[in-house]
Structure formats: structure tokens, C-alpha cells
Number of protein chains: 2
Amino acid sequence: MVASPIAVDGSTRIMGVIGDPIVQVMTPQTINPIFAARGANIVCVPLHIGARELDTAWAGLKAIRNLIGFGITLPHKQAALRLCDSLDPLAKQVGAVNVVRREADGSFRGYQFDGKGFVRGLKGQGHALSGRHCLMVGAGGAAIAIAFALAEEGAASLSIANRTPAKAEALAAAVNRAVGRSFARSGTAQPEPGQIIINATSLGLSASDPLPLAANLVDETMLVAEVIAKPEITPLLEAAGARGASIHSGIHMIRGQVDLIAAHMAEPQTET
Amino acid sequence: MVASPIAVDGSTRIMGVIGDPIVQVMTPQTINPIFAARGANIVCVPLHIGARELDTAWAGLKAIRNLIGFGITLPHKQAALRLCDSLDPLAKQVGAVNVVRREADGSFRGYQFDGKGFVRGLKGQGHALSGRHCLMVGAGGAAIAIAFALAEEGAASLSIANRTPAKAEALAAAVNRAVGRSFARSGTAQPEPGQIIINATSLGLSASDPLPLAANLVDETMLVAEVIAKPEITPLLEAAGARGASIHSGIHMIRGQVDLIAAHMAEPQTET
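Predicted, not measured: the structure shown is a model, and the values here were computed from it.

## A few points about the environment of Lys77(A)
Residues and elements named next belong to chain A.
Point 1. Inspection of the secondary structure assignment puts Lys 77 in the loop between strand 3 (67-72) and helix 3 (79-83).
Point 2. Relative accessible area serves as the criterion here: at 9%, Lys 77 is assigned to the buried category.
Point 3. C-alpha separation for the pair Lys 77 and Ala 168, spaced 91 residues apart in sequence, amounts to 17 Å.
Point 4. Beyond its immediate sequence surroundings of up to four residues, Lys 77 is in contact with Ile 72, Ala 96, Val 97, Asn 98, Asp 114, Gly 141 and Ala 142.
Point 5. A polar contact of 2.5 Å, which involves the side chain of Lys 77, links it to the side chain of Asp 114.

## So, the domain arrangement of chain A
Residues and elements named next belong to chain A.
Point 1. Here the domain parsing of chain A yields domain 1 (13-113 + 254-266) and domain 2 (115-253).
Point 2. On a C-alpha basis, the centres of domain 1 and domain 2 stand 24 Å from each other.
Point 3. Counting residues at the interface gives 18 residues for domain 1, matched by 21 residues for domain 2.
Point 4. Summing the contributions of domain 1 and of domain 2, the shared interface buries around 1700 Å²; its carbon and sulfur component is 60%.
Point 5. Where domain 1 meets domain 2, there are 1 salt bridge.
Point 6. One salt bridge connects Arg 120 with Asp 259, and the closest N-O pair in it is separated by 2.9 Å.
Point 7. Our count for the contact surface shared by domain 1 and domain 2 stands at 11 residue pairs in polar contact (both at pLDDT 80 or more).

## Concerning the nonpolar core
Soluble globular proteins tend to bury their nonpolar side chains together.
Point 1. Counting residues in each nonpolar core, the largest one holds 46 residues, and the members touching the most others are Trp58(A) and Trp58(B).
Point 2. Those residues in contact with Trp58(A) that sit more than four places away from it in its chain are Phe70(A), Ile72(A), Ala80(A), Leu83(A), Cys84(A), Val100(A) and Phe108(A).

## Regarding the sheet that holds strand 7 (residues 133-137) of chain B
Residue and element names in this part refer to chain B.
Point 1. The strand order across the open sheet built from 6 strands is 9-8-7-10-11-12, with neighbouring strands paired in parallel fashion. Every interior strand has two partners, whereas the edge strands, strand 9 (184-186) and strand 12 (246-248), have only one. Averaged over all neighbouring strand pairs, the angle between strand axes comes to 20°, with direction disregarded.
Point 2. Summarising the sheet, strand 11 (residues 223-226) and strand 12 pair through 3 bridges and their orientation is parallel. Bridge pairing in strand 12 places Leu 223 opposite Ser 246.
Point 3. Sheet contacts for helix 6 (residues 142-152): strand 7, strand 8 (157-161) and strand 10 (196-199); angle to strand 7, the most-contacted strand, approximately 170°.

## Topic: the pairing of strand 1 (residues 13-19) of chain B
All names here are of chain B.
Point 1. For strand 1, the buried fraction is high: 7 of the 7 residues fall into the buried class.
Point 2. Going residue by residue along strand 1, you find Arg 13, Met 15, Val 17 and Gly 19 tucked away on one face and Ile 14, Gly 16 and Ile 18 tucked away on the opposite face as well.
Point 3. Bridging between strand 1 and strand 2 (residues 42-48) involves 7 bridges; their strand directions are parallel. Residue pairing across strands places Val 17 opposite Pro 46, the latter belonging to strand 2.
Point 4. You can see the chain leave strand 1, run along helix 1 (residues 27-38) and come back into strand 2, and the turn it takes is right-handed.
Point 5. One ladder, built from 5 bridges, connects strand 1 with strand 3 (residues 67-72); its direction is parallel. From the neighbouring strand, Ile 14 faces strand 3, where its bridge partner is Leu 67.

## A look at the packing of aromatic side chains
All names here are of chain A.
Point 1. Throughout the structure, instances matching the rule amount to 6 aromatic pairs over all chains.
Point 2. Taking the centre distance of 5.1 Å and the plane angle of 85° together, the rings of Trp 58 and Phe 70 count as edge-to-face. Taken as a pair, Trp 58 in helix 2 (residues 54-63) and Phe 70 in strand 3 lie far apart in primary sequence, 12 residues in all. Across the pair, exposure class does not vary: Trp 58 and Phe 70 are buried alike.

## Regarding helix 8 (residues 235-242) of chain B
Residue and element names in this part refer to chain B.
Point 1. Where helix 8 is concerned, the buried positions are Leu 236, Leu 237 and Ala 240. Projection of helix 8 onto a plane perpendicular to its axis shows the buried side chains occupying an angular sector of 95°, all on one side. Turned more than 90 degrees from where helix 8 packs its buried face, Glu 238 and Ala 242 sit exposed.
Point 2. Within two residues after helix 8, Gly 244 carries a phi angle of roughly 90°, on the positive side.

## So, the relation of the copies chain B and chain A
Point 1. With an RMSD of 0.0 Å, chain B superimposes on chain A once it is rotated by 180° and translated 0.0 Å along the axis. Given the turn and translation reported, the copies of this chain are related as if by a two-fold rotation axis.

## Some remarks on the environment of Ile251(A)
Point 1. With respect to the element layout, Ile251(A) can be found in helix 9 (residues 251-266).
Point 2. Beyond its immediate sequence surroundings of up to four residues, Ile251(A) is in contact with Met26(A), Ile228(A), Ala229(A) and Glu232(A).

## Observations concerning the packing of helix 1 (residues 27-38) of chain A against helix 9 of chain A
All names here are of chain A.
Point 1. At a minimum axis separation of 9 Å, helix 1 and helix 9 run at an interaxial angle of 45°. The orientation of helix 1 with respect to helix 9, classified from their angle, is oblique. The hand of the helix 1/helix 9 crossing is right-handed. Two secondary-structure elements touch here, helix 1 through Thr 30, Ile 31, Ile 34, Phe 35 and Arg 38 and helix 9 through Ile 254, Val 258, Asp 259, Ile 261, Ala 262, Ala 263, Met 265 and Ala 266.
Point 2. Here the contact of helix 1 with helix 9 is composed, by residue class, of 10 nonpolar, 1 polar and 2 charged.

Cut-offs used in this document
- Per chain, residues are indexed from 1 in the order of the written sequence.
- Chain A is the first chain written and ligand 1 is the first ligand written, with later ones labelled in order.
- Only residues with pLDDT of at least 70 get local features here, since the model is predicted, and only at 80 or more are side-chain atom pairs given and counted; chain-wide, interface and lining totals rely on the full set of residues.
- Excluded from the side-chain calculations are hydrogens and water; all other atoms, namely the structure's heavy atoms, are used.
- Each helix is a run of DSSP H or I of at least 4 residues and each strand a run of E of at least 2, with the numbering of both proceeding from the N terminus.
- Per-residue accessibility, obtained with a 1.4 Å probe over protein chains only, is compared with the maximum for each type, and a residue is labelled buried under 20%, exposed over 50%, and partly exposed between these values.
- By definition in these notes, contact holds between two residues if any of their heavy atoms fall within 4.5 Å.
- Here a polar contact is recorded for every N or O atom pair within 3.5 Å, except that within protein the pair must consist of a potential hydrogen donor and a potential acceptor, and residues adjacent in sequence are included only if both atoms are side-chain atoms.
- Each domain's extent is set by a domain assignment, obtained either automatically or from a database.
- Buried area: the accessible area, evaluated with a 1.4 Å probe, that two parts lose upon being put together, summed over both parts.
- The term salt bridge refers to a pairing of a side-chain nitrogen on Lys or Arg with a carboxyl oxygen on Asp or Glu at a separation within 4 Å.
- Side-chain atoms within 4.5 Å link the members of a nonpolar core, which is a set of buried Ala, Val, Leu, Ile, Met, Phe, Trp, Tyr and Cys residues.
- Note on pairing: two strands pair once DSSP finds at least 2 bridges between them.
- The angle between two axes is taken between their N-to-C directions and runs from 0 to 180 degrees, where each axis is a line fitted to C-alpha atoms and a helix contributes only its stretch in contact.
- Every crossover in which the path from the first strand over the helix to the second runs clockwise, viewed with the strands pointing away from the viewer, is termed right-handed.
- Any Phe, Tyr or Trp ring, taking Trp's six-membered ring, that has another such ring centre within 6.5 Å forms a pair; planes under 30 degrees apart are called stacked, those over 60 apart edge-to-face, and the others tilted.
- Here, the arc refers to the directions that run from the helix axis to the C-beta atoms.
- Superposition of the copies used a least-squares fit over C-alpha atoms from residues whose pLDDT is at least 70 in both.
- Working rule for angles: under 35 degrees goes down as roughly parallel, over 145 as roughly antiparallel, 65 to 115 as roughly perpendicular, anything else as oblique.
- Helix crossings are classified by the rotation of the near helix relative to the far one: an anticlockwise turn of less than a right angle makes the crossing left-handed, while a clockwise turn makes it right-handed.
- Residues are grouped as follows: nonpolar covers Ala, Val, Leu, Ile, Met, Phe, Trp, Tyr, Cys and Pro; charged covers Asp, Glu, Lys and Arg; every other residue, Gly included, is treated as polar.

As C-alpha cells, this is what we get:
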């Protein structure tokens, strides 16, 4: 996608992206060209907000009348649940918010696009999910959204490996309850042939992070997918690729949802 | 100036401009090309904040770590005095803040560039101030900054016409005290031949506003100057031009200070 010039003026409306750290976010550079192509005078900017300052910053964002909403990345996706004035049913089900929009009445409503984005990203790269067995490392944030989306998309099974197994068990139970079948279970980070392996932890954001699972367990029958978009190829993907596995960057999860989000954000008229 | 493309990414730092209304601000479109030309990854965006939400929004802005500061327009220039953690001596003297910068220690310090900007703008258009007699309508916000700057620049005299004369008297006294000469006085909006006439009120922002002074009192010996930049030619300037006076748009006050502000904002390293 060609970077479009942004001409910010007094009438420009603001979409934020909040997180800590923030430098890795890809939303501004992927969504701004879409706003420009739609002829929307909206600019998306990164807002570096730590967990301890979230409540104060949230109240401040609400007081900025030409702010139409914001994307949410780590570590705020769960905290946003209690701060939103209302929640879209999917955000409530997932228990995490990744987009907040200012509605026509001025309230902040929480939405969830991560799962849809991940699934759309895989399908856009030619990876069908129907009937596939999946292993996901991580049980928070994006992981929860992805678990629900994989179930809805018709994947055959999901094993969830988490540092704290109780969280994986709770997630598996919630997904199974929602889809009415025995789809997910808590397990170990032990891949099996033919699986789609998903890193849904933040391991890989920092070059010094350990790998989320042992790369020597990966083989060429597997597809290894990331939620991390920066670096576009994480150490896990590099190691998996070297072992002959198919790899799938986290960038596709962002690209898979960003046009949905752009349409969603540009839709309501906010007072300026 | 050619509009430069802005490529916002996760590392971009934010400069706001706060005000109510906000659509008229010209800072984003004038300062963003300067940041780009300097190679600074900074984007200036308008933030629409009303007076009643200022304290909440201010605390929120402080909690956004990659926000390097903000410009201030009506009606917040005085309220910012009590909200800033410290004040530059000129901002204190003027009693109004038009730029807030996050210092290396994280604190918000208030600065004042309006007067310098106005004077630089006039000089940039070939209008010397030394020895000139001036009439200014308005005694708040930008007016105060301009009064001090005119005195420092060697103007001969300043008559200040304000709806509330006590405010004009207080401003005249403060300026005279600061410069140690009888320079300013409170007066009526009655221009005299050869004067520089300055509208330093917000009258003219709205097409429905009354003129700040009777246009039929203006003649071709006078220079009529504005602080309002949008519309670039206000009804006052149009009427004054039609009567043969020289006219000077408020846009020059912005252009006169924006390169100073860009250098000032890009200077300190803020944590991101």
C-alpha cells in the first residue's frame, strides 16, 4: 500500500492507538492510507499510555471532542472492559476490547476485531481454517479473541498452552460453552504434525525474549502464525521457517482488520 | 509552503493544539511541513477541548508519554497559567500561555510566542514598528502578548480599546511598568491617521460577528492587522482594504512564530 500524504488541519478528527510499549504498533501506517482513500479527514496517531496512567488518560481522551476513538494494544485490552461505557456483545464474550469508538451520544463503546482480523489474515494468505487442528500459546488479550474466532470459523480443535494453565482452562471452557461443542482444551506447547501453531503471547516483541515454544519441535507439516507484527518476522517465525514450516506474520492480522476498523470508525458523526 | 506527506508510525511523537472552537487553527498545516523538513518524527494534531473539560483533558495529555506538548488557542491561554508546572518568565509577565512543552523531567512548562510571532509577522511583511503609534482592540489572550512585544520592539505608543475598560487599564499599567516608560493607555476604538490598528479579539472568527471597530473610521494612512488567521481575510480586513488601508492577515502571526515553535518543541528528548 502506498503511503498517502496526510494533510492535518483544524477539522481533522483523531483516532488514537493506546498501548505500552507503543513504538511497535502498525495501525497508523496501515489505517491512515485507508482513511485518505475514503476521503475521511481522520488521522490515526500512537498514544503511549502506561497501565498506571490509563484511567487518567482515558478521562482525558473522552474530553477531546474531535477524538473519534482509539485502537487498544497491550496491556490495556482487559482494563478497557471496565472503562468503556458499553460493550459490543463480541467484546463482552471475548473479555477484551481492541477498538473503542465514540458513539453519537458521546459515550465510549468497546469493540473486538482481533479474532476477525486474525482469521481474515489467514484466509487472505490462502490458509483455510475449516477442519484444522490448532495449538495456541497464550491465553490473554489477542489469544482470547482468536480462540473464539477459530471456533466460529470451523477449526477442528484448539489446544491452549499457557504459563498459568488455569487461564487456559478457563478460556477453553468459555469457548466450548459459547460454541456448544468440545473444541478447545488446555494443553502443553507440544506441536503435532499438521497443526496451525499460533503465538498469541507478546514474546517476540523484544529481541531478547525467549521463544514462546521450542523451535526444534516444529516441522514442515506445520503452519506457524504470529500475532506480533513488528518485527514482521519474529525469531519464532525465522526458526520455524528454517525448519521448513510455513510461516504467517502478525502483520496479516492487522491488515485483515484494518479496513473493517476504518469503515467502523469513519461511520458515526462525532461533534467537532 | 508545499504540504509534506506525514508518515505517522508507532515512533511518531505528538504535538497537540488545544482550543474551543478548534477548526480554525492553522498550526497543524503550518508546522507539520517544518517538522518534516527538520526530519523530526512529530505530527501536530488539533484537539478540541472545551473550558469545562480542560482540567480533565490536561491530566490526560500529561499521561500520554509521547505527547511532547501542545499549542494553546482560545479560550485556554489564561487557564493554562494555573495548570502548568512552571512558567517561562515571558509567559508569566504576559499572563498567558500559548505553548506548553514537556520538559526532560516530564513536567509541563508554559511559554509565550504570540507577541514575538505577531511582531515577526509584521516585519516579515515589511512593516517596521519602531516609532509607530498603535491602536489595539482587545485586552485578553493574544492582546496581552502583543502589547508587551510592541513595547519591546520600540513602537511609540499603544492605545488599548476593550469592552471592559478596567482590563485595558490594567494591561496598559502592566506594560508601562515592565518597559519603564509611558507607552500604553486605555482608550476608545477611534483610529487616528497613520496608526497601526490591531484586532486582538476573536471577533471575525464567525461570519456573523460584529466588526471589532467601525470600518468607516479607517482610512488609507492606516495599517489594519489581525490576529485571526481563518478566515485569512476577515470582514474587518475586507472593509479596511476597501477603504484603501493596508491590511495584514493573522496568518502572518502564525507563520512568524511557527518555525520558532517547531525548533522549541523538537529540541528536548522526551521519553517514549
